[in-house]
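As a plain string of letters, each chain reads:
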Amino acid sequence: MSGATLRMLDKAYNEVLKLPRAVKGAIYDFQHKFRENPESPGLQLKQLKGNSPLFSARVNLDYRALLLHAGNQDYVIVAIKPRQEVYDNLDRYAYQVNPVSGGIEFVDLVTAEAAVPEEPAGPAPLFAKYSDETLLGLGVAEPMLVLISKLTTEDELQALISYAPQLTAEVLLELFAGKTPEEVMEQITAPVAAPEEIDVEDYQAALERPATVTTEDGALQAILEEGDFGRWKVFLYTPPSARSSIASTAGRPESAEVPAQERPSSRCTG
């Protein structure tokens, strides 16, 4: 064993749910091989841009894993993409440590842009009265500000938030529902804000914060092997106190829990 760790962002997990069964099996094999030796020639692990922490690795002939190297031997899968898309859209992948929550966030701007029509469908932008500074202070992901400024209908908002980081989605939904920025700060942002000053370049520290919601690599492998993603989804969104029966049937260790404050809210449909 190499000592490498491999986790998966919750947004990437949602992508995996939509992939063909054969690709899910390839992800199982990929994670096993990656933990054994990330430098194995067959994985084709490579840095994508300069000193960027973004890497790609081969899942199979047609798919690649996009990974953030958090530091040491710690990696996070942020997306699973068709091979050609990785290289065609390289400049449109946005990632950051959120300066409010301190969590790792990833946005595929190509996919997100497709959710927002080029021509406005409504009379005025939904969030025109909020400054960029206000939105950023509430934890909205900076790479999404331009797209947010173009939203004019609820349908557009609902489409965009499915590609947004969770905190961004919840903030936008609450503002759209009529809450003031002060109310959103108190009810949505403050409970997940990091108590310490955030170093937005420190992905290693960000990986350990509750705001970085991931699945454990071994747990995902168990579900891939079972072929029962629905059961794992139930497990993921179930309170820890109710997980024992699900864990025993899914082969899921109870120790790898999603922090309560970071489980998807009923307000967020993304």
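It should be emphasised that the depicted structure is a prediction, and the values quoted were computed from it without experimental measurement.

A. Highlighting the environment of S101. Relative to the helices and strands, S101 resides in the loop between β6 (93-97) and β7 (104-108). S101 gets classed as buried once you look at its relative accessible area, which sits at 6%. When the C-alpha positions of S101 and A194 are compared, they lie 4.9 Å apart, and in sequence the two are 93 residues distant. Polar contacts involving the side chain of S101 include one to the main-chain amide nitrogen of G103, which spans 3.2 Å.

B. Structural view of the packing of aromatic side chains. Evaluated as defined, the whole model comprises six aromatic pairs. Ring geometry for F30 and F34: centres 5.7 Å apart, planes at 50°, overall tilted. With F30 and F34 both in helix α2 (residues 21-36), this residue pair falls four residues apart, about one helical turn. The buried category is assigned to F30, whose relative accessible area is 2%. Judged by relative accessible area, which is 0%, F34 ranks as buried. Relative to Y75, the ring of F55 has its centre 6.1 Å away and its plane inclined at 90°; by these criteria the two rings are edge-to-face. Placement of the pair is F55 in strand β3 (residues 54-58) and Y75 in strand β5 (residues 74-82), with a sequence separation of 20 residues. Here the aromatic residues F30, F34, F55 and Y75 are joined through ring pairs into a cluster of three or more.

Definitions and cut-offs
Residues numbered from 1 in each chain as written. Predicted model: local features only at pLDDT ≥ 70, side-chain atom pairs only at ≥ 80, totals over all residues. Heavy atoms only, no water. Helix = DSSP H or I, 4+ residues; strand = E, 2+ residues; numbered from the N terminus. Buried < 20%, exposed > 50% of the residue type's maximum accessible area, 1.4 Å probe, protein only. Polar contact = N/O pair within 3.5 Å; in protein donor to acceptor, adjacent residues only side chain to side chain. Phe/Tyr/Trp six-rings, centres within 6.5 Å; stacked < 30°, edge-to-face > 60°.

Any link to function would need more than the numbers given here.
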